[in-house]
Amino acid sequence: MGVFLLQSSAVFGVLFSLITLSLLVEPALSITRHYKFDIKLQNVTRLCHTKSIVLVNGQFPGPRVVAREGDQLLIKVVNHVQNNISIHWHGIRQLRSGWADGPAYITQCPIQTEQSYVYNFTIVGQRGTLWWHAHISWLRSTIYGPIIILPKRGIPYPCAKPYKEVPIIFGEWFNGDTEAIISQARQTDTFKLKVKPGKTYLLRLTNAALNDELFFSIANHTVIVVDVDAVYVKPFETETLLIAPGQTTNVLLKTRSHYPSATFLMTARPYVTGQGTFDNSTVAGILQYEKPRNFRSSNSIKNRPLFKPVLPPLNDTSFATKFSNKLRSLASAQFPVNVPQKVDKQFFFTVGLGTSPCHSNETCQGPNGTMFAASVNNVSFTMPNTALLQIPAYLVLKATLLHLHGFNFFVVGQGFGNFYPNKDPANFNLVDPVERNTVGVPSGGWVAIRFLADNPGVWFMHCHLEVHTSWGLKMAWIVLDGKLPNQKLLPPPADLPKC
Ligand SMILES: [Cu+2]
(Lines give C-alpha, C1' and ligand atoms only; values in the text may rest on other atoms or scores of the structure.)
Protein backbone atom coordinates (compact mmCIF):
# COMPACT_ATOMS: atom_id res chain seq x y z
CA MET A 1 0.00 0.00 0.00
CA GLY A 2 1.09 3.51 -0.09
CA VAL A 3 1.88 6.20 2.31
CA PHE A 4 -1.27 7.79 3.56
CA LEU A 5 -0.51 11.41 3.20
CA LEU A 6 -4.09 12.42 3.74
CA GLN A 7 -5.26 9.59 5.92
CA SER A 8 -5.23 11.66 9.07
CA SER A 9 -7.41 14.28 7.49
CA ALA A 10 -10.05 11.65 6.92
CA VAL A 11 -10.58 10.87 10.58
CA PHE A 12 -14.24 11.65 10.50
CA GLY A 13 -14.54 8.36 8.63
CA VAL A 14 -17.63 6.43 7.84
CA LEU A 15 -17.38 2.80 8.67
CA PHE A 16 -20.28 1.27 6.93
CA SER A 17 -23.03 3.23 5.40
CA LEU A 18 -26.43 1.80 5.06
CA ILE A 19 -29.06 2.84 2.65
CA THR A 20 -32.27 0.90 2.77
CA LEU A 21 -33.54 0.14 -0.63
CA SER A 22 -37.14 0.28 -1.62
CA LEU A 23 -38.11 -0.69 -5.10
CA LEU A 24 -40.03 1.89 -6.98
CA VAL A 25 -43.28 1.31 -8.75
CA GLU A 26 -42.60 1.71 -12.42
CA PRO A 27 -43.80 0.78 -15.88
CA ALA A 28 -42.49 -2.26 -17.66
CA LEU A 29 -40.45 -0.48 -20.32
CA SER A 30 -37.24 1.45 -19.93
CA ILE A 31 -37.82 4.90 -18.55
CA THR A 32 -35.95 8.16 -18.04
CA ARG A 33 -35.04 8.91 -14.44
CA HIS A 34 -34.17 12.40 -13.24
CA TYR A 35 -31.88 13.25 -10.36
CA LYS A 36 -30.56 16.54 -9.07
CA PHE A 37 -27.25 16.77 -7.24
CA ASP A 38 -26.64 20.01 -5.34
CA ILE A 39 -22.98 20.27 -4.38
CA LYS A 40 -22.70 22.18 -1.11
CA LEU A 41 -20.44 22.60 1.87
CA GLN A 42 -21.97 20.95 4.93
CA ASN A 43 -21.07 20.10 8.50
CA VAL A 44 -20.96 16.37 9.19
CA THR A 45 -20.42 14.65 12.52
CA ARG A 46 -19.09 11.12 12.56
CA LEU A 47 -17.64 9.42 15.59
CA CYS A 48 -17.69 12.66 17.55
CA HIS A 49 -15.74 14.68 14.97
CA THR A 50 -17.47 17.50 13.15
CA LYS A 51 -16.05 18.64 9.84
CA SER A 52 -17.15 20.91 7.08
CA ILE A 53 -17.04 18.90 3.88
CA VAL A 54 -18.28 19.07 0.31
CA LEU A 55 -21.38 16.91 -0.13
CA VAL A 56 -24.15 16.10 -2.57
CA ASN A 57 -27.61 17.12 -1.29
CA GLY A 58 -26.17 17.29 2.23
CA GLN A 59 -25.87 13.51 2.39
CA PHE A 60 -22.88 11.45 3.39
CA PRO A 61 -22.54 9.12 1.65
CA GLY A 62 -24.40 10.75 -1.19
CA PRO A 63 -27.83 9.90 -2.57
CA ARG A 64 -28.34 6.54 -4.18
CA VAL A 65 -29.10 6.37 -7.87
CA VAL A 66 -31.53 3.55 -8.63
CA ALA A 67 -32.30 2.42 -12.17
CA ARG A 68 -33.17 -0.62 -14.17
CA GLU A 69 -31.03 -1.99 -16.95
CA GLY A 70 -32.06 -0.09 -20.09
CA ASP A 71 -33.11 3.11 -18.30
CA GLN A 72 -31.85 6.56 -19.26
CA LEU A 73 -30.49 8.76 -16.48
CA LEU A 74 -30.50 12.54 -16.49
CA ILE A 75 -28.56 13.81 -13.50
CA LYS A 76 -28.27 17.55 -13.09
CA VAL A 77 -25.24 18.53 -11.05
CA VAL A 78 -25.24 22.09 -9.67
CA ASN A 79 -22.04 23.38 -8.11
CA HIS A 80 -22.55 25.73 -5.13
CA VAL A 81 -19.01 25.52 -3.76
CA GLN A 82 -15.72 27.21 -4.56
CA ASN A 83 -14.09 23.98 -5.76
CA ASN A 84 -14.45 22.83 -9.33
CA ILE A 85 -16.51 19.65 -9.60
CA SER A 86 -17.05 16.73 -11.92
CA ILE A 87 -18.80 13.43 -11.24
CA HIS A 88 -17.80 10.05 -12.64
CA TRP A 89 -20.31 7.19 -12.95
CA HIS A 90 -17.87 4.47 -12.12
CA GLY A 91 -18.31 1.33 -14.18
CA ILE A 92 -21.12 2.63 -16.38
CA ARG A 93 -20.24 1.64 -19.93
CA GLN A 94 -21.25 5.06 -21.36
CA LEU A 95 -21.82 3.59 -24.81
CA ARG A 96 -21.52 6.56 -27.18
CA SER A 97 -22.08 8.92 -24.25
CA GLY A 98 -18.47 9.65 -23.36
CA TRP A 99 -19.38 13.27 -22.63
CA ALA A 100 -21.11 12.02 -19.49
CA ASP A 101 -18.19 9.97 -18.14
CA GLY A 102 -16.94 12.71 -15.87
CA PRO A 103 -13.17 12.70 -15.31
CA ALA A 104 -12.11 16.35 -15.17
CA TYR A 105 -9.88 17.47 -18.03
CA ILE A 106 -10.28 14.11 -19.80
CA THR A 107 -13.86 14.09 -21.08
CA GLN A 108 -15.04 17.41 -19.71
CA CYS A 109 -13.93 20.62 -18.13
CA PRO A 110 -15.01 20.76 -14.51
CA ILE A 111 -18.27 22.36 -13.47
CA GLN A 112 -17.33 25.75 -12.05
CA THR A 113 -18.92 27.57 -9.14
CA GLU A 114 -22.64 28.23 -9.68
CA GLN A 115 -22.57 26.34 -12.98
CA SER A 116 -24.40 23.12 -13.76
CA TYR A 117 -24.21 20.17 -16.12
CA VAL A 118 -26.68 17.41 -16.93
CA TYR A 119 -25.06 13.98 -17.15
CA ASN A 120 -27.09 12.06 -19.70
CA PHE A 121 -26.51 8.35 -20.21
CA THR A 122 -28.30 5.06 -20.65
CA ILE A 123 -27.52 1.83 -18.83
CA VAL A 124 -26.91 -0.89 -21.39
CA GLY A 125 -26.27 -4.54 -20.57
CA GLN A 126 -25.33 -4.04 -16.94
CA ARG A 127 -27.01 -5.13 -13.71
CA GLY A 128 -25.67 -5.11 -10.18
CA THR A 129 -24.01 -2.39 -8.14
CA LEU A 130 -21.81 0.43 -9.35
CA TRP A 131 -21.10 3.80 -7.76
CA TRP A 132 -20.54 7.42 -8.54
CA HIS A 133 -17.85 9.71 -7.19
CA ALA A 134 -16.22 13.07 -7.75
CA HIS A 135 -13.43 12.79 -10.29
CA ILE A 136 -11.31 15.80 -9.55
CA SER A 137 -8.40 15.96 -7.13
CA TRP A 138 -9.20 14.15 -3.86
CA LEU A 139 -12.82 15.25 -3.56
CA ARG A 140 -14.06 11.71 -3.98
CA SER A 141 -13.22 11.07 -0.34
CA THR A 142 -16.54 12.74 0.51
CA ILE A 143 -18.48 12.88 -2.74
CA TYR A 144 -19.69 9.40 -3.59
CA GLY A 145 -22.73 7.18 -3.50
CA PRO A 146 -24.14 3.92 -4.87
CA ILE A 147 -25.66 3.21 -8.27
CA ILE A 148 -28.10 0.33 -8.02
CA ILE A 149 -28.96 -1.30 -11.32
CA LEU A 150 -31.90 -3.67 -11.08
CA PRO A 151 -32.45 -6.26 -13.78
CA LYS A 152 -35.01 -5.46 -16.45
CA ARG A 153 -38.55 -5.86 -15.20
CA GLY A 154 -39.64 -9.49 -15.39
CA ILE A 155 -36.09 -10.82 -15.58
CA PRO A 156 -35.19 -12.47 -12.28
CA TYR A 157 -31.78 -12.61 -10.66
CA PRO A 158 -29.94 -15.78 -11.68
CA CYS A 159 -29.62 -16.58 -7.98
CA ALA A 160 -32.04 -16.95 -5.08
CA LYS A 161 -34.41 -14.01 -4.81
CA PRO A 162 -33.26 -11.94 -1.86
CA TYR A 163 -35.65 -11.05 0.92
CA LYS A 164 -34.02 -7.62 1.21
CA GLU A 165 -31.28 -5.64 -0.49
CA VAL A 166 -28.79 -3.60 1.49
CA PRO A 167 -26.17 -1.35 -0.08
CA ILE A 168 -23.06 -1.02 2.09
CA ILE A 169 -20.26 1.38 1.29
CA PHE A 170 -16.80 1.19 2.79
CA GLY A 171 -15.53 4.72 3.10
CA GLU A 172 -12.62 6.18 4.95
CA TRP A 173 -12.31 5.47 8.60
CA PHE A 174 -10.55 6.60 11.70
CA ASN A 175 -7.35 5.12 13.08
CA GLY A 176 -7.72 2.95 16.10
CA ASP A 177 -6.80 -0.49 17.36
CA THR A 178 -9.14 -3.42 17.03
CA GLU A 179 -10.19 -3.49 20.65
CA ALA A 180 -11.03 0.18 20.65
CA ILE A 181 -13.18 -0.43 17.62
CA ILE A 182 -14.90 -3.38 19.21
CA SER A 183 -15.80 -1.36 22.26
CA GLN A 184 -16.83 1.39 19.92
CA ALA A 185 -18.93 -1.14 18.05
CA ARG A 186 -21.07 -1.46 21.16
CA GLN A 187 -21.93 2.20 20.90
CA THR A 188 -25.10 3.38 19.31
CA ASP A 189 -23.80 5.05 16.14
CA THR A 190 -22.22 1.91 14.75
CA PHE A 191 -23.64 0.51 11.56
CA LYS A 192 -26.07 -2.28 12.37
CA LEU A 193 -27.45 -4.68 9.85
CA LYS A 194 -30.67 -5.93 11.39
CA VAL A 195 -31.81 -9.25 10.00
CA LYS A 196 -34.46 -11.91 10.48
CA PRO A 197 -33.56 -15.59 10.77
CA GLY A 198 -33.93 -17.87 7.77
CA LYS A 199 -33.83 -15.15 5.12
CA THR A 200 -31.54 -14.32 2.22
CA TYR A 201 -30.15 -10.80 2.03
CA LEU A 202 -28.39 -9.26 -0.95
CA LEU A 203 -25.54 -7.07 0.26
CA ARG A 204 -24.32 -4.61 -2.36
CA LEU A 205 -20.76 -3.82 -1.28
CA THR A 206 -18.74 -0.91 -2.63
CA ASN A 207 -15.21 -0.02 -1.67
CA ALA A 208 -15.14 3.77 -1.85
CA ALA A 209 -11.97 4.11 0.22
CA LEU A 210 -9.22 6.06 -1.43
CA ASN A 211 -6.33 3.74 -0.91
CA ASP A 212 -7.11 0.46 0.75
CA GLU A 213 -7.93 -2.97 -0.56
CA LEU A 214 -10.09 -4.56 2.11
CA PHE A 215 -10.71 -7.98 3.56
CA PHE A 216 -14.30 -8.26 4.77
CA SER A 217 -15.89 -10.96 6.88
CA ILE A 218 -18.95 -11.59 9.04
CA ALA A 219 -18.40 -13.72 12.15
CA ASN A 220 -19.86 -17.24 11.97
CA HIS A 221 -21.47 -16.62 8.58
CA THR A 222 -20.52 -17.23 5.00
CA VAL A 223 -21.62 -15.26 1.97
CA ILE A 224 -22.11 -16.22 -1.67
CA VAL A 225 -20.48 -13.93 -4.22
CA VAL A 226 -22.89 -13.47 -7.16
CA ASP A 227 -21.89 -10.29 -9.01
CA VAL A 228 -18.83 -8.05 -9.32
CA ASP A 229 -18.67 -4.66 -11.05
CA ALA A 230 -22.28 -5.14 -12.28
CA VAL A 231 -21.56 -8.44 -14.04
CA TYR A 232 -22.86 -11.79 -12.78
CA VAL A 233 -20.25 -14.33 -11.71
CA LYS A 234 -20.39 -18.06 -11.00
CA PRO A 235 -21.64 -18.09 -7.42
CA PHE A 236 -19.16 -19.25 -4.80
CA GLU A 237 -19.26 -19.37 -1.04
CA THR A 238 -16.65 -17.68 1.11
CA GLU A 239 -16.06 -16.61 4.70
CA THR A 240 -13.95 -13.63 3.69
CA LEU A 241 -13.91 -11.51 0.61
CA LEU A 242 -11.43 -9.06 -0.84
CA ILE A 243 -12.59 -5.83 -2.40
CA ALA A 244 -10.34 -3.17 -3.87
CA PRO A 245 -11.04 0.56 -4.08
CA GLY A 246 -13.39 1.16 -6.96
CA GLN A 247 -14.70 -2.38 -7.02
CA THR A 248 -18.22 -3.50 -6.17
CA THR A 249 -19.33 -6.95 -5.07
CA ASN A 250 -22.83 -8.32 -4.56
CA VAL A 251 -23.10 -11.14 -2.06
CA LEU A 252 -25.96 -13.20 -0.70
CA LEU A 253 -26.07 -13.59 3.04
CA LYS A 254 -28.25 -16.44 4.26
CA THR A 255 -29.09 -15.85 7.88
CA ARG A 256 -29.24 -18.66 10.42
CA SER A 257 -32.45 -20.61 10.42
CA HIS A 258 -33.07 -19.96 14.12
CA TYR A 259 -32.64 -16.90 16.26
CA PRO A 260 -29.07 -17.28 17.53
CA SER A 261 -29.22 -15.18 20.70
CA ALA A 262 -25.83 -13.74 19.82
CA THR A 263 -24.47 -10.78 17.92
CA PHE A 264 -21.94 -10.99 15.13
CA LEU A 265 -19.30 -8.48 14.15
CA MET A 266 -18.68 -7.63 10.52
CA THR A 267 -15.16 -6.35 10.08
CA ALA A 268 -12.98 -5.03 7.31
CA ARG A 269 -9.33 -4.15 7.27
CA PRO A 270 -6.70 -3.54 4.61
CA TYR A 271 -4.80 -6.06 2.57
CA VAL A 272 -1.29 -4.67 2.44
CA THR A 273 1.51 -5.43 0.00
CA GLY A 274 4.92 -3.88 -0.26
CA GLN A 275 6.62 -1.81 2.33
CA GLY A 276 5.97 1.62 3.63
CA THR A 277 3.60 2.79 6.27
CA PHE A 278 -0.02 1.82 5.99
CA ASP A 279 -3.24 2.02 7.87
CA ASN A 280 -3.87 -1.26 9.63
CA SER A 281 -7.02 -0.25 11.43
CA THR A 282 -10.10 -2.42 11.42
CA VAL A 283 -13.61 -1.16 10.82
CA ALA A 284 -16.55 -2.90 12.36
CA GLY A 285 -20.28 -3.12 11.98
CA ILE A 286 -22.78 -5.42 13.62
CA LEU A 287 -25.03 -8.14 12.27
CA GLN A 288 -27.94 -8.15 14.65
CA TYR A 289 -30.79 -10.65 14.61
CA GLU A 290 -34.17 -9.27 15.49
CA LYS A 291 -35.57 -11.02 18.51
CA PRO A 292 -38.69 -12.97 17.60
CA ARG A 293 -41.80 -11.77 19.43
CA ASN A 294 -42.36 -15.06 21.20
CA PHE A 295 -38.73 -15.40 22.24
CA ARG A 296 -38.36 -15.23 26.00
CA SER A 297 -35.04 -14.27 27.44
CA SER A 298 -33.85 -11.89 30.07
CA ASN A 299 -30.72 -11.44 27.96
CA SER A 300 -30.68 -7.91 26.62
CA ILE A 301 -28.92 -7.24 23.34
CA LYS A 302 -25.98 -5.71 25.21
CA ASN A 303 -25.34 -8.92 27.16
CA ARG A 304 -25.46 -11.29 24.24
CA PRO A 305 -22.20 -12.92 23.24
CA LEU A 306 -20.43 -10.99 20.48
CA PHE A 307 -18.55 -13.06 17.92
CA LYS A 308 -15.64 -11.63 15.93
CA PRO A 309 -14.59 -12.83 12.49
CA VAL A 310 -11.04 -13.98 11.85
CA LEU A 311 -9.60 -11.99 8.98
CA PRO A 312 -6.57 -13.15 6.98
CA PRO A 313 -3.22 -11.61 7.96
CA LEU A 314 -2.67 -8.12 6.54
CA ASN A 315 -0.24 -9.35 3.87
CA ASP A 316 -2.01 -12.60 2.94
CA THR A 317 -1.25 -12.62 -0.77
CA SER A 318 -2.00 -16.33 -0.96
CA PHE A 319 -5.60 -15.65 0.13
CA ALA A 320 -5.84 -12.73 -2.29
CA THR A 321 -4.65 -14.90 -5.19
CA LYS A 322 -7.01 -17.76 -4.36
CA PHE A 323 -9.91 -15.35 -4.04
CA SER A 324 -9.32 -13.65 -7.37
CA ASN A 325 -8.92 -17.06 -9.06
CA LYS A 326 -12.42 -17.97 -7.89
CA LEU A 327 -13.98 -15.07 -9.74
CA ARG A 328 -15.38 -16.40 -13.01
CA SER A 329 -18.02 -14.98 -15.30
CA LEU A 330 -21.40 -16.70 -15.01
CA ALA A 331 -21.18 -17.57 -18.72
CA SER A 332 -24.72 -18.94 -18.94
CA ALA A 333 -26.93 -19.07 -22.03
CA GLN A 334 -28.81 -15.99 -20.83
CA PHE A 335 -25.68 -14.14 -19.69
CA PRO A 336 -22.95 -15.33 -22.03
CA VAL A 337 -19.34 -14.28 -21.81
CA ASN A 338 -18.13 -12.41 -24.88
CA VAL A 339 -14.42 -12.64 -24.33
CA PRO A 340 -12.52 -11.75 -27.51
CA GLN A 341 -10.93 -14.92 -28.83
CA LYS A 342 -8.58 -13.19 -31.22
CA VAL A 343 -6.55 -10.07 -30.69
CA ASP A 344 -6.15 -7.27 -33.23
CA LYS A 345 -3.79 -5.03 -31.29
CA GLN A 346 -1.53 -5.82 -28.41
CA PHE A 347 -0.32 -3.30 -25.89
CA PHE A 348 2.30 -3.84 -23.28
CA PHE A 349 2.54 -1.40 -20.41
CA THR A 350 5.13 -1.36 -17.72
CA VAL A 351 3.80 0.42 -14.72
CA GLY A 352 6.52 1.68 -12.48
CA LEU A 353 6.32 3.00 -9.01
CA GLY A 354 9.52 4.57 -7.85
CA THR A 355 10.98 7.70 -6.39
CA SER A 356 12.41 10.87 -7.75
CA PRO A 357 14.29 13.67 -5.98
CA CYS A 358 12.19 15.87 -3.77
CA HIS A 359 11.68 19.43 -4.98
CA SER A 360 13.59 21.95 -2.93
CA ASN A 361 11.58 23.67 -0.18
CA GLU A 362 9.23 20.68 0.01
CA THR A 363 8.93 17.78 2.41
CA CYS A 364 8.47 14.42 0.71
CA GLN A 365 7.16 11.17 2.18
CA GLY A 366 9.23 8.69 0.15
CA PRO A 367 12.25 6.72 1.39
CA ASN A 368 15.17 8.95 2.45
CA GLY A 369 13.09 12.05 1.84
CA THR A 370 12.50 11.35 -1.84
CA MET A 371 9.25 11.90 -3.69
CA PHE A 372 7.07 8.98 -4.83
CA ALA A 373 6.50 8.86 -8.57
CA ALA A 374 4.51 6.54 -10.80
CA SER A 375 4.54 6.07 -14.54
CA VAL A 376 3.01 4.16 -17.40
CA ASN A 377 5.53 3.24 -20.06
CA ASN A 378 3.70 2.82 -23.28
CA VAL A 379 5.91 0.78 -25.53
CA SER A 380 3.59 0.39 -28.48
CA PHE A 381 1.23 3.32 -28.45
CA THR A 382 -0.66 2.88 -31.68
CA MET A 383 -3.98 4.67 -31.68
CA PRO A 384 -6.61 1.97 -31.89
CA ASN A 385 -9.38 1.76 -34.40
CA THR A 386 -12.47 -0.17 -33.38
CA ALA A 387 -10.40 -3.18 -32.63
CA LEU A 388 -9.69 -5.73 -30.01
CA LEU A 389 -7.20 -4.64 -27.49
CA GLN A 390 -5.17 -6.71 -25.14
CA ILE A 391 -3.05 -5.32 -22.41
CA PRO A 392 -0.62 -7.24 -20.32
CA ALA A 393 0.54 -4.80 -17.70
CA TYR A 394 3.72 -5.53 -15.84
CA LEU A 395 4.10 -4.01 -12.45
CA VAL A 396 7.07 -3.40 -10.29
CA LEU A 397 7.35 -2.84 -6.57
CA LYS A 398 3.81 -2.58 -5.37
CA ALA A 399 0.35 -3.75 -6.13
CA THR A 400 -1.72 -1.32 -8.07
CA LEU A 401 -5.28 -1.12 -9.29
CA LEU A 402 -6.00 -0.74 -12.93
CA HIS A 403 -9.29 1.02 -13.63
CA LEU A 404 -10.58 1.60 -17.16
CA HIS A 405 -13.36 4.00 -18.08
CA GLY A 406 -15.82 3.29 -20.88
CA PHE A 407 -15.28 -0.47 -21.03
CA ASN A 408 -15.45 -3.63 -19.08
CA PHE A 409 -12.47 -5.86 -19.67
CA PHE A 410 -11.86 -9.56 -19.23
CA VAL A 411 -9.09 -10.59 -16.89
CA VAL A 412 -7.67 -13.43 -18.98
CA GLY A 413 -4.50 -13.98 -16.99
CA GLN A 414 -2.42 -12.83 -14.10
CA GLY A 415 0.74 -13.91 -12.37
CA PHE A 416 3.79 -13.05 -10.36
CA GLY A 417 7.21 -12.12 -11.71
CA ASN A 418 7.79 -11.27 -15.35
CA PHE A 419 5.21 -11.74 -18.08
CA TYR A 420 6.51 -14.09 -20.77
CA PRO A 421 4.75 -13.45 -24.09
CA ASN A 422 5.81 -16.85 -25.42
CA LYS A 423 4.66 -18.90 -22.47
CA ASP A 424 1.99 -17.16 -20.41
CA PRO A 425 -0.79 -16.69 -23.03
CA ALA A 426 -1.13 -20.48 -23.27
CA ASN A 427 -2.67 -20.37 -19.79
CA PHE A 428 -5.09 -17.56 -20.46
CA ASN A 429 -8.71 -18.21 -19.52
CA LEU A 430 -10.74 -17.52 -22.65
CA VAL A 431 -13.76 -19.52 -21.43
CA ASP A 432 -15.15 -17.74 -18.37
CA PRO A 433 -12.77 -14.97 -17.27
CA VAL A 434 -14.19 -12.41 -14.87
CA GLU A 435 -15.41 -9.23 -16.52
CA ARG A 436 -14.90 -6.01 -14.62
CA ASN A 437 -13.78 -2.39 -14.69
CA THR A 438 -11.16 -2.41 -11.93
CA VAL A 439 -8.56 -5.09 -11.30
CA GLY A 440 -5.76 -5.46 -8.80
CA VAL A 441 -2.39 -6.10 -10.39
CA PRO A 442 -0.35 -8.35 -8.12
CA SER A 443 2.61 -6.82 -6.41
CA GLY A 444 5.64 -7.51 -8.63
CA GLY A 445 3.40 -9.31 -11.08
CA TRP A 446 1.28 -8.81 -14.17
CA VAL A 447 -2.27 -8.97 -15.39
CA ALA A 448 -3.51 -9.52 -18.94
CA ILE A 449 -6.84 -8.01 -19.92
CA ARG A 450 -8.80 -8.06 -23.15
CA PHE A 451 -11.54 -5.78 -24.27
CA LEU A 452 -13.46 -4.95 -27.40
CA ALA A 453 -12.88 -1.33 -28.36
CA ASP A 454 -16.54 -0.77 -29.23
CA ASN A 455 -16.97 2.63 -27.62
CA PRO A 456 -15.53 5.69 -29.36
CA GLY A 457 -14.21 8.48 -27.15
CA VAL A 458 -11.39 9.39 -24.84
CA TRP A 459 -11.19 6.98 -21.96
CA PHE A 460 -9.19 7.45 -18.85
CA MET A 461 -7.18 4.52 -17.50
CA HIS A 462 -5.64 5.01 -14.12
CA CYS A 463 -4.80 3.48 -10.82
CA HIS A 464 -7.71 3.64 -8.39
CA LEU A 465 -5.38 4.03 -5.44
CA GLU A 466 -5.61 7.77 -5.15
CA VAL A 467 -1.98 8.20 -4.10
CA HIS A 468 -0.75 6.39 -7.19
CA THR A 469 -2.96 8.47 -9.49
CA SER A 470 -1.68 11.68 -8.01
CA TRP A 471 1.87 10.41 -8.52
CA GLY A 472 1.14 10.07 -12.21
CA LEU A 473 -0.19 6.56 -12.76
CA LYS A 474 -2.68 7.50 -15.43
CA MET A 475 -3.17 7.64 -19.17
CA ALA A 476 -5.99 7.90 -21.69
CA TRP A 477 -7.13 5.73 -24.57
CA ILE A 478 -8.40 7.40 -27.70
CA VAL A 479 -10.89 5.15 -29.44
CA LEU A 480 -11.83 6.46 -32.86
CA ASP A 481 -15.24 6.31 -34.48
CA GLY A 482 -16.06 3.17 -36.43
CA LYS A 483 -17.49 3.06 -39.95
CA LEU A 484 -21.12 2.36 -39.07
CA PRO A 485 -23.49 5.13 -37.94
CA ASN A 486 -23.95 3.55 -34.52
CA GLN A 487 -20.18 3.45 -33.96
CA LYS A 488 -19.76 7.21 -33.78
CA LEU A 489 -19.47 9.44 -30.75
CA LEU A 490 -22.38 11.87 -30.61
CA PRO A 491 -21.67 15.63 -30.66
CA PRO A 492 -21.02 17.23 -27.27
CA PRO A 493 -24.11 18.44 -25.39
CA ALA A 494 -24.76 22.19 -25.36
CA ASP A 495 -24.22 22.50 -21.61
CA LEU A 496 -20.84 20.72 -21.56
CA PRO A 497 -18.78 22.86 -19.13
CA LYS A 498 -16.14 25.17 -20.51
CA CYS A 499 -12.69 25.51 -18.99
CU1 LIG B 1 -14.50 4.62 -13.59
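Scroll up to find the structure this text is about.
Residue indices follow the written sequence of each chain, beginning from 1 at its first position. Given that this is a predicted model, residues contribute local features only at a pLDDT of at least 70 and side-chain atom pairs are listed and counted only at 80 or more, while totals for whole chains, interfaces and linings are drawn from all residues.

So, the overall build of the protein chain
(1) Moving on: To qualify as a helix, a DSSP run of H or I must reach at least 4 residues; to qualify as a strand, a run of E must reach at least 2; elements of each kind are numbered from the N terminus. Secondary structure assignment for the protein chain yields three helices and 31 strands.
(2) Moving on: Residue burial in the protein chain is summarised as follows: out of 499 residues, 44% are buried.
(3) Moving on: Here contacts are defined at the residue level, using C-beta atoms placed from the backbone and a cut-off of 7 Å between them. Of all intrachain contacts in the protein chain linking residues separated by at least 6 positions in sequence, the fraction that spans at least 24 positions is 79%. To sort residues by exposure, count the other C-beta atoms lying within 10 Å of each residue's C-beta; 20 or more gives buried, 12 or fewer gives exposed, and values between give partly exposed, all with C-beta atoms placed from the backbone.

A look at the pairing of strand β11 (residues 192–195)
(1) Moving on: Along β11, the buried face is formed by Leu193 and Val195; none of Lys192 and Lys194, which line the opposite face, is buried.
(2) Moving on: Summarising the sheet, β11 and strand β19 (residues 283–289) pair through four bridges and their orientation is parallel. Residue Lys192 lies in a different strand from β19, and its bridge partner there is Ile286. Any two strands with at least two DSSP-identified bridges between them are counted as paired.

Observations concerning the sheet that holds strand β6 (residues 87–90)
Strand pairing in a sheet relies on backbone hydrogen bonds. The paired strands run either parallel or antiparallel.
(1) Moving on: On the basis of which strands lie adjacent, the open sheet formed by four strands has the order β4-β9-β8-β6 and mixed pairing. Strand pairing shows two members of the sheet lacking a second neighbour, β4 (65–68) and β6, which therefore form its edges. On average, each strand axis in the sheet is tilted by 20° relative to the strand beside it, whichever way the strands run.
(2) Moving on: Here four bridges tie β4 to strand β9 (residues 144–150), and the two strands are oriented parallel to one another. Looking at the pairing, Arg68 lines up with Leu150 of β9. For helices, the fitted line uses only the C-alpha atoms of the stretch in contact; every axis is such a line through C-alpha atoms, and the angle between N-to-C directions lies from 0 to 180 degrees.

What to know about the sheet that holds strand β31 (residues 474–479)
(1) Moving on: One open sheet accounts for four strands, arranged β28-β25-β30-β31; its pairing is antiparallel. Two strands in the sheet have a free side with no partner beyond their single neighbour: β28 (438–441) and β31. Along the sheet, successive strands turn relative to each other by an average axial angle of 20°, direction set aside.
(2) Moving on: Pairing of strand β25 (residues 400–404) with β28 involves four bridges; the strand directions are antiparallel. The residue of β28 that forms the bridge with Leu401 is Gly440.

Some points on unusual backbone geometry
(1) Moving on: Residue Pro61 follows Phe60 across a cis peptide bond; omega there is -5°.
(2) Moving on: Looking at where Pro61 falls in the secondary structure, it is placed in the loop between β3 (49–56) and β4.
(3) Moving on: The phi dihedral of Arg96 falls on the positive side, at around 60°, and the residue is not glycine.
(4) Moving on: Relative to the elements of secondary structure, Arg96 occurs in the loop between β6 and β7 (116–122).
(5) Moving on: On the basis of neighbour count, Arg96 is assigned to the partly exposed category, with 19 C-beta atoms found within 10 Å.
(6) Moving on: Located in the positive-phi region is Ala331, a residue other than glycine, with phi close to 50°.
(7) Moving on: Counting through the fold element by element, Ala331 comes out in the loop between α2 (317–326) and β21 (345–346).

Honestly, it's all geometry; don't read function into it.
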